[in-house]
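So the chains spell out like this:
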Amino acid sequence: AAPPYSPLLERVRAVSERLPPHARYAPNVTGPPEELLARAEAAVAAGARALMVNAFLQGLGSIRSLREAELGVPIFVHRVGSSFLRRGGAVSVSARLLAELTRLLGADYVQVGSFSPRTFDADDEVREQIGACGSDLGVNAATAVVGGGVGPDNAAEQLARAGVRDGVMLLLGSAAYQHPEGLRAGVATAVAAVS
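Since this is a predicted model, take the numbers as computed values, not measurements. (Residues numbered from 1 in each chain as written. Predicted model: local features only at pLDDT ≥ 70, side-chain atom pairs only at ≥ 80, totals over all residues. Heavy atoms only, no water.)

Taken in spatial order, the five strands line up as 1-2-3-4-5 in an open sheet, and their pairing is parallel. Strands at the two margins of the open sheet, each flanked by one partner only, are strand 1 (51–54) and strand 5 (168–171). With direction set aside, neighbouring strand axes in the sheet form an average angle of 25°. Two strands pair when backbone bridges link them, and strand 1 and strand 2 (residues 75–78) are joined in this way by four bridges, in the parallel orientation. Each residue of the ladder has a partner; that of Leu51, found in strand 2, is Ile75. Against the sheet, helix 4 (residues 61–68) makes contact with strand 1 and strand 2, and its axis sits at roughly 175° relative to strand 2, the strand it touches most. (Pairing = 2+ DSSP bridges. Helix = DSSP H or I, 4+ residues; strand = E, 2+ residues; numbered from the N terminus. Axes fitted to C-alpha atoms, helices over the stretch in contact; angles between N-to-C directions. Contact = heavy atoms within 4.5 Å.)

A word on the packing of helix 4 against helix 6 (residues 95–105). For the pair helix 4 and helix 6, the least separation of the axes is 8 Å and the interaxial angle reads 30°. Classified by the interaxial angle, the pair formed by helix 4 and helix 6 is roughly parallel. Here Ile63, Arg64 and Arg67 of helix 4 come into contact with helix 6, specifically with Thr102, Leu104 and Leu105. Residue composition of the contact of helix 4 with helix 6, grouped by class: three nonpolar, one polar and two charged. (Parallel < 35°, antiparallel > 145°, perpendicular 65-115°, else oblique. Nonpolar A, V, L, I, M, F, W, Y, C, P; charged D, E, K, R; others polar.)

We now examine the packing of aromatic side chains. If you walk through the whole model with that rule in mind, you get zero aromatic pairs. Across the ring face of Phe120, the terminal group of Arg79 is positioned such that the distance to the ring centre comes to 5.1 Å. (Phe/Tyr/Trp six-rings, centres within 6.5 Å; stacked < 30°, edge-to-face > 60°. Lys NZ or Arg CZ within 6 Å of the ring centre and 35° of its normal.)

Attention now moves to the pattern of salt bridges. Inspection of every chain in the model, using the stated rule, returns eight salt bridges. In this structure, the salt-bridge partner of Arg39 is Glu35, at a minimum N-O distance of 3.8 Å. Overall, Glu35 belongs to the partly exposed group, its relative accessible area being 39%. The partner of Arg96 in a salt bridge is Glu100, and the shortest N-O contact between them spans 3.0 Å. Of this pair, Arg96 and Glu100 are both found in helix 6, four residues apart, which corresponds to roughly one turn of the helix. Judged by relative accessible area, Glu100 falls into the buried class, the value being 17%. Among the charged side chains, a salt-bridge network with shared partners connects Asp123, Glu157 and Arg161. (Salt bridge = Lys/Arg side-chain N within 4 Å of Asp/Glu carboxyl O. Buried < 20%, exposed > 50% of the residue type's maximum accessible area, 1.4 Å probe, protein only.)

Right, let's talk about the confidence of the model for the protein chain for a bit. Averaged over all residues, the pLDDT of the protein chain is 93; the fraction at 70 or higher stands at 100%. Predicted confidence in the protein chain is weakest over helix 5 (residues 83–86), with a mean pLDDT of 76, and strongest over helix 2 (residues 36–45), with 98. (pLDDT = per-residue confidence, 0-100.)

Moving on to helix 7 (residues 123–134). With twelve residues, helix 7 extends 18 Å from end C-alpha to end C-alpha; this agrees with the ideal 16 Å at 1.5 Å per step. If you check which residues of helix 7 are buried, you get Val126, Gln129, Ile130, Ala132 and Cys133. The arc that holds the buried residues of helix 7, viewed along the axis, is 160°, so those residues lie on one side. Structural note: helix 7 exposes Asp124 and Gly134 on the side pointing more than 90 degrees away from its buried face. (Expected span 1.5 Å × (residues − 1). Arc of directions from axis to C-beta.)

Counting buried positions along strand 4 (residues 143–147) yields four of five residues, so the element is predominantly enclosed. Across three bridges, strand 3 (residues 109–111) lies against strand 4 in parallel orientation. By the bridge assignment for strand 4, Val110 is matched with Ala144. The parallel pair strand 3 and strand 4, bridged by helix 7, forms a crossover whose chirality is right-handed. Note on the crossover from strand 4 through helix 8 (residues 155–162) to strand 5: the handedness is right-handed. (Right-handed = clockwise from strand over helix to strand, strands pointing away.)

Counted under the stated rule, the structure contains one cavity of 30 Å³ or more. Together, 13 residues line the largest cavity, and Phe56, Arg79, Leu98, Gln111 and Gln129 are the ones closest to its centre. Mapped onto the lining of the largest cavity, the elements with two or more residues apiece are strand 2, helix 6 and strand 3. No other element matches the four residues that helix 6 contributes to the lining of the largest cavity. (1 Å grid on protein atoms, 1.4 Å probe; cavity = no way out; pocket = protein on both sides within 12 Å on 5 of 7 lines; lining within 4 Å. Points joined across faces, edges and corners; volume = space filled by probe spheres on them.)

Set out below in structure tokens:
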């Protein structure tokens, strides 16, 4: 989350200075467990308006720790590392359960896979996770983040296959950066496709 060529706090400051007030940048604060809260606090102080954690690598307790720290920003839970829980045959955990668990621990945004061959989820599993983000669990609903192979060329298809638009956000990946006219055009193309 903080490689030498892009240190966390320098990156947060640079991105935050250029974003409009309504936009949120969620830097990845995943890293050594004993430094999680210090990284998160420093990122917010540097201008982050959201935080991302790879909770299945950092540890599921990281979601609760970030929530209890009351940093005043939403928490986006990336699902990298969850496949070992999902692909164990008879001892697998359902996709819906993992989405509900991350919500119960305090996630505001829950990555739910995508309708793309880049992720291992079946379409019904993605829709179950989307449903889990808004189901009645006695906690606030979370936004379902459809991500993994999502770009300008398939953004509209992703929403159509989700079967719902409310409570869903598309996470554009490298395809937006690879647009022949650049990133801005890639994002604009995706927005136009889903509008």
